[in-house]
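Residue-level structural notes
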Amino acid sequence: MLKKIVFGLVFATFVFSFSALPTYGEDEDLARLTQLRNTIIQILGVLEDSSLEEIPAGFTFQENMGEGTQRTGVEYLQIILNASSDTQVAETGSGSQGNETNYFGSRTKEAVKKFQAKYSDKVLKPAGLPEPTGFVGSLTRKKLNSILADGKTREGAKYIEEMLMEILVRVNEIAEREGVEFADDEYEVDEHPTGAIECVGSTAHTITLSYKTESAENPSIFREQQPWGSDRFLSRVEGEGTYTAVGLLEGEEYIFRLRNTPLIDSQKIDEVVCKTGVDYDAEPDPDPDPDPDPDPEDPDPIQVTTFNIRWDNPRDGRNQWVNRRPIIEEYFEEEQPDIIGLQEVRHHQYHAFISFMSDYSYVGRDRYGSTGSTSNPIFFKTERFTLKSDGQFWLSETPNIAGSVGWDASMSRFVTWAELEEKNTGKSIFVFNTHIDHRGWVAQRESVELISKRIQEIAEGDPVILMGDFNIIKNVNMYDYMVDFLKDRNSLTNSEYMASVAITSPTFNAFGRRKRIIDYIFVSDHFSVGYYMVDEVIKNGVFISDHWPVVSGLAIGSDYNLSKFTFIDVRPDTFFFPYIEALAQKGIITGYDDGTFRPRESATRGQMAAFLARALDLPDPNADTPTFSDVTPNMQFFPYIEALVQEGITTGYSDGTYRPEQEATRGEMATFLARALDLPNPNADTPTFSDVTSDMQFFPYIEALAQKGIITGYDDGTFRPRESATRGQM
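Residues numbered from 1 in each chain as written. Predicted model: local features only at pLDDT ≥ 70, side-chain atom pairs only at ≥ 80, totals over all residues. Heavy atoms only, no water.

1. A word on the overall build of the protein chain
We apply this condition: Each helix corresponds to a stretch of at least 4 residues labelled H or I by DSSP, and each strand to a stretch of at least 2 residues labelled E; elements are numbered beginning at the N terminus. Classification of residues uses two cut-offs on accessible area relative to the type maximum, computed with a 1.4 Å probe and protein chains only: under 20% is buried, over 50% is exposed, and between them is partly exposed. Here, residues are in contact when the closest pair of their heavy atoms is within 4.5 Å. To measure how exposed things are, a 1.4 Å probe is used in the Shrake-Rupley method; for residues, cover is taken only from the protein chains shown.
Scanning the protein chain from N- to C-terminus turns up 17 helices and 22 strands. Across the 730 residues that make up the protein chain, the buried fraction comes to 54%. Within the protein chain, contacts between residues at least 6 apart in sequence are counted, and of these 70% link residues at least 24 apart. For the protein chain, the accessible area works out to roughly 33700 Å², and carbon and sulfur atoms hold 46% of it.

Below you can see the structure in the form of structure tokens.
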């Protein structure tokens, strides 16, 4: 497949000649220039998504597949299998020794069978085999080696990528010099498909469109990613109907296009400009009232989060994106930060965030200036901020050239920025989000200096937030240089140093393999900082990412008022806030000595006992002899656990232990709570939750709580009784 794509590129390159563009405004020339650029961007996306670059150049599969305990042939086999969605191994380990089936795990064996079926003409038919075997014989090895020879190894992919980048940078330079704006949907063609699109309704954050298609091939609705100029696919349509675009900015205009969708020669059928908050059936107001004056008082504090989400690497085992996504989604649903800077976001991950961050607007293109590769987007609360301007620049000697690589960097690095205006105050905040190179020392230094210069030019003295994955380890010489330089030139300070309460820990975890501090939030001296913390989120052994989210609470123009909150890590916007505040005011919960509650931390069985005993106001127990062998009178949780025993709420384990330091599960939490409330057995013929059946130990307690409306479970209809219960859920 890659050979075909590269052949197509080479063909397009020969057809297109830079000297063939004497007049850059002509439609035909613009179409050819745009076609070449779009093809390059597509191939770069394919190369970037390939994980086969992890296989060293020159490696070939031999009969024994490279026996050994490290980087074995079997592990490289698994990498190739995982590179294609239809042959993926469900979960991979370090690779096994040997070649034959009895050395493979069951998942690898099944994936090999899928591989053999996929290439049956090359593998099965020449051997006279009627069906896949799962053995890696000579013909299977030959096909594996041909895949490696297709230019997908580290050296081959790097060579192709460098060649394409040179062409892409050249195309962008021509376009910038001649004033060409790329928009492949703007040039005319001889035979234009027919159809129509128009605005029929809107709310503050949605626009409803009606469409009619007649002769288009695969007609679809696209929205211009203002102010980028590129289009984002919304929905494939057919015939007549309506479509509603969601997650839009209030009071903003958007361009929607009806287009056909072949890869290169996609054509505009029709377009319309619509605005949110407009009643399209009503007569326009001839003299609308002016906007009221903004509230002169400062708004609530601003919570800012920077988070490297880790690209979707199929070799991450149990920490793969598919397992981490629900943890990330739950984290942001609970935390609700006002401004978020994300790094290492692949195209499909970007769309995932857009789908579950419905209360947010966003900006950010990818490293090639398009929308199909890795991005560093900025998300912000739609109800709180208005986007005034935004942009992107590359960390290189040519910062305006998309995809350019600077100095000794390993790849193209860049900065996404946005000017956000607070709706309540009219104040502007400039947000800069970056991911600096991890290898080039010169690139790191030059990147810091370039970012500083661009902040001066763009923000012009207004409040600034600079955040991201800087890949500069705290307290090394380069870090000290960065801190001093940003302070001297931009009055920017690491928010950790300004915080009234700072809870510091490593920000990079490598899924538990090593620890470093490389992610930072810098703020200008316009801000006061209430708190700084690193959220360490692990759920059932799965890490939220190989980086932790880093969080700062900011306020403009005055001291951050920590007295507004009982706990600095439980803000009013969060899901848990009203419940935790109510319990704190009643003295049922007290939190930690550092002023935090840590709502996402797993709750222990001892903490659960203390919570219930205080909530029920149970009397101190009369217990001379401990009930459980592992809970003695000198322990913190002893009186609470004994009180629950005397009330019949807990009986402990059959071995005579209670295990107070063990994480409590959601099923145990439901059992304790239902017993504490003395709820009757439920009348439930049909279980409320798909994963809680009537034969399970926790079933009657969970059902009793569900029927009383005390618990609701997850959006997918599950309760997940064996998952660890967090302190916020408790």
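2. Comments concerning the nonpolar core
The cut-off we apply is this: To form a nonpolar core, buried Ala, Val, Leu, Ile, Met, Phe, Trp, Tyr and Cys residues must be joined to one another through side-chain atoms within 4.5 Å.
One finds Phe256, Phe332, Ile339, Leu342, Phe353, Phe379 and Ile465 to be the most contacted residues of the largest nonpolar core, which totals 74 residues. Setting aside residues up to four positions removed in sequence, phenylalanine 353 forms contacts with Ile309, Trp321, Ile328, Phe332, Leu342 and Phe379. Within the second largest apolar cluster, 32 residues are counted, among which are Phe577, Phe597, Ala609 and Ala676.

3. Quick look at the packing of helix H10 (residues 441-459) against helix H11 (residues 477-490)
So the rule is basically this: Axis lines are fitted to C-alpha atoms, over the contacting stretch for helices. Their N-to-C directions set the angle, which ranges from 0 to 180 degrees. Oblique is the label for any angle not under 35 degrees, not over 145, and not in the 65 to 115 range, which are roughly parallel, roughly antiparallel and roughly perpendicular in turn. It is the rotation of the near helix from the far one that decides the hand of a crossing: anticlockwise by less than a right angle makes it left-handed, clockwise makes it right-handed. Classes in brief: Ala, Val, Leu, Ile, Met, Phe, Trp, Tyr, Cys and Pro nonpolar; Asp, Glu, Lys and Arg charged; the others, Gly included, polar.
Axis separation between H10 and H11 bottoms out at 10 Å; the angle between their running directions is 15 degrees. One finds that H10 runs roughly parallel with respect to H11. For H10 against H11, the interelement crossing comes out right-handed. On the side of H10, the interface is formed by Gln444, Arg445, Val448, Glu449, Ser452, Ile455 and Gln456, while H11 contributes Met478, Tyr481, Met482, Phe485, Leu486, Arg489 and Asn490. Residue composition of the contact of H10 with H11, by class: 7 nonpolar, 4 polar and 3 charged.

4. A look at the side chain of glutamate 668
The line we're drawing: Think of a polar contact as two N or O atoms within 3.5 Å of one another; within protein, one of them needs to be a possible hydrogen donor and the other a possible acceptor, and neighboring residues in sequence only count if both atoms come from side chains.
Mapping glutamate 668 onto the fold places it in helix H16 (residues 666-676). For glutamate 668, a relative accessible area of 12% puts it in the buried group. Of note is the side chain of glutamate 668, whose polar atom sits 3.2 Å from the side chain of tyrosine 653. If we ignore the near neighbours within four places in the chain, the residues touching glutamate 668 are Arg605, Met608, Tyr653, Gln662, Glu663 and Phe698.

5. A short note on the environment of glutamine 78
Assignment of secondary structure puts glutamine 78 in helix H3 (residues 73-82). Considering only alpha carbons, one finds glutamine 78 and alanine 111, 33 residues apart in sequence, at a separation of 8.5 Å.

6. Re the sheet that holds strand S1 (residues 195-202)
We apply this condition: Here, strands pair whenever DSSP counts at least two bridges between them.
Strand order in the open sheet formed by 3 strands is S1-S2-S5, with antiparallel pairing between adjacent strands. At either margin of the open sheet sits one strand with a lone partner, and together these are S1 and strand S5 (240-245). Between one strand and the next, the sheet's axes are offset by a mean angle of 25 degrees, whatever the strand orientation. With 6 bridges connecting them, strand S2 (residues 207-213) and S5 associate as antiparallel partners. Across the sheet, residue lysine 212 finds its bridge partner in S5, namely glutamate 240.

7. Things to note about the sheet that holds strand S11 (residues 378-381)
Reading across the sheet, the 7 strands line up as S10-S11-S9-S8-S22-S19-S17 and stay open at both edges, with mixed pairing between neighbours. Taken across any chain shown, the strands that pair with only one partner, and hence form the sheet edges, are strand S10 (360-363) and strand S17 (499-503). This sheet shows a mean twist of 20 degrees between the axes of neighbouring strands, independent of strand direction. Helix H8 (residues 321-335) rests against strand S8 (302-308), strand S9 (339-343) and strand S22 (550-556) of the sheet, and its axis sits at about 170 degrees to S8.

8. Thoughts on the environment of lysine 423
Residue placement: lysine 423 occurs in the loop between strand S13 (414-422) and strand S14 (428-435). Of the polar contacts made by the side chain of lysine 423, one reaches the backbone oxygen of threonine 382; its length is 2.8 Å.

9. Considerations on the side chain of arginine 346
Mapping arginine 346 onto the fold places it in the loop between S9 and helix H9 (347-356). A distance of 3.0 Å separates polar atoms of two side chains, one belonging to arginine 346 and the other to threonine 374.

10. A look at the pairing of S22
Across the 7 residues of S22, 7 count as buried, placing the element largely inside the fold. Going residue by residue along S22, you find Val550, Ser552, Leu554 and Ile556 tucked away on one face and Val551, Gly553 and Ala555 tucked away on the opposite face as well. Pairing of S8 with S22, which is carried by 5 bridges, proceeds in the antiparallel orientation. Counterpart to valine 304 in the pairing with S22 is serine 552. By the bridge criterion, 7 bridges tie strand S19 (residues 527-534) to S22 in an arrangement that is antiparallel.

11. Quick word on the packing of H16 against helix H17 (residues 699-707)
For any two helices packed against each other, one specifies the inter-axial angle together with the distance between the axes. The interhelical angle for the contact between H16 and H17, taken along N-to-C directions, is 65 degrees, at an axis separation of 8 Å. The orientation of H16 relative to H17 falls into the category roughly perpendicular. The handedness of the crossing between H16 and H17 comes out as left-handed. Where H16 abuts H17, its residues Ala670, Thr671, Leu673, Ala674 and Arg675 lie against Tyr701, Ile702 and Leu705. Partitioning the contact of H16 with H17 into residue classes produces 6 nonpolar, 1 polar and 1 charged.

12. Things to note about the packing of aromatic side chains
Our working rule: Ring pairs shown here join Phe, Tyr and Trp side chains whose ring centres sit within 6.5 Å, with only the six-membered ring taken for Trp; geometry is labelled stacked below 30 degrees between planes, edge-to-face above 60, and tilted in between. Note on geometry: a ring has a charge over it if NZ (lysine) or CZ (arginine) is within 6 Å of the ring centre and within 35 degrees of the ring normal.
Scanning the model with the defined rule gives 23 aromatic pairs in all. Relative to phenylalanine 430, the ring of tryptophan 417 lies with its centre 6.4 Å away and its plane at 35 degrees, an arrangement referred to as tilted. You can see tryptophan 417 sitting in strand S13 and its partner phenylalanine 430 sitting in strand S14, a full 13 residues away along the chain. Both residues of the pair, tryptophan 417 and phenylalanine 430, count as buried. Clustering of aromatic rings is evident, with ring pairs tying together Phe307, Trp321, Tyr331, Phe332, Tyr350, Phe353, Phe356, Tyr362 and Phe379. Taking NZ or CZ as reference, arginine 605 lies 4.3 Å from the ring centre of tyrosine 658, over its face.

13. Notes on the pattern of salt bridges
Just so we agree on the cut-off: When a carboxyl oxygen of Asp or Glu is within 4 Å of a side-chain nitrogen of Lys or Arg, the pair counts as a salt bridge.
Tallying each qualifying case throughout the model produces 18 salt bridges. Close ionic contact of aspartate 121 with lysine 125 constitutes a salt bridge, the shortest N to O distance being 3.0 Å. Taken as a pair, aspartate 121 and lysine 125 share a single burial class, namely exposed. The residue glutamate 668 makes a salt bridge to arginine 605 at a minimum N-O spacing of 3.2 Å. Here the residue glutamate 668 occupies a position in helix H16, and arginine 605 occupies one in helix H14 (residues 605-615), the gap between them amounting to 63 residues. Judged by relative accessible area, arginine 605 falls into the buried class, the value being 3%.

14. Regarding the pairing of S2
Where burial is concerned, most of S2 is hidden: 6 out of the 7 residues are buried. Two strands pair when backbone bridges link them, and S1 and S2 are joined in this way by 7 bridges, in the antiparallel orientation. Bridge assignment links glycine 201 to a residue of S2, and that residue is threonine 208. Between the antiparallel neighbours S1 and S2 lie 4 residues.

15. Digging into the environment of glutamine 607
Mapped onto the secondary structure, glutamine 607 falls in helix H14. Classification of glutamine 607 by relative accessible area gives buried; the value is 16%. For the pair formed by glutamine 607 and isoleucine 589, sequence separation is 18 residues and the distance between their alpha carbons is 9.7 Å. Aside from chain neighbours lying at most four places away, what touches glutamine 607 is Tyr592, Ser602, Phe637, Arg727 and Met730.

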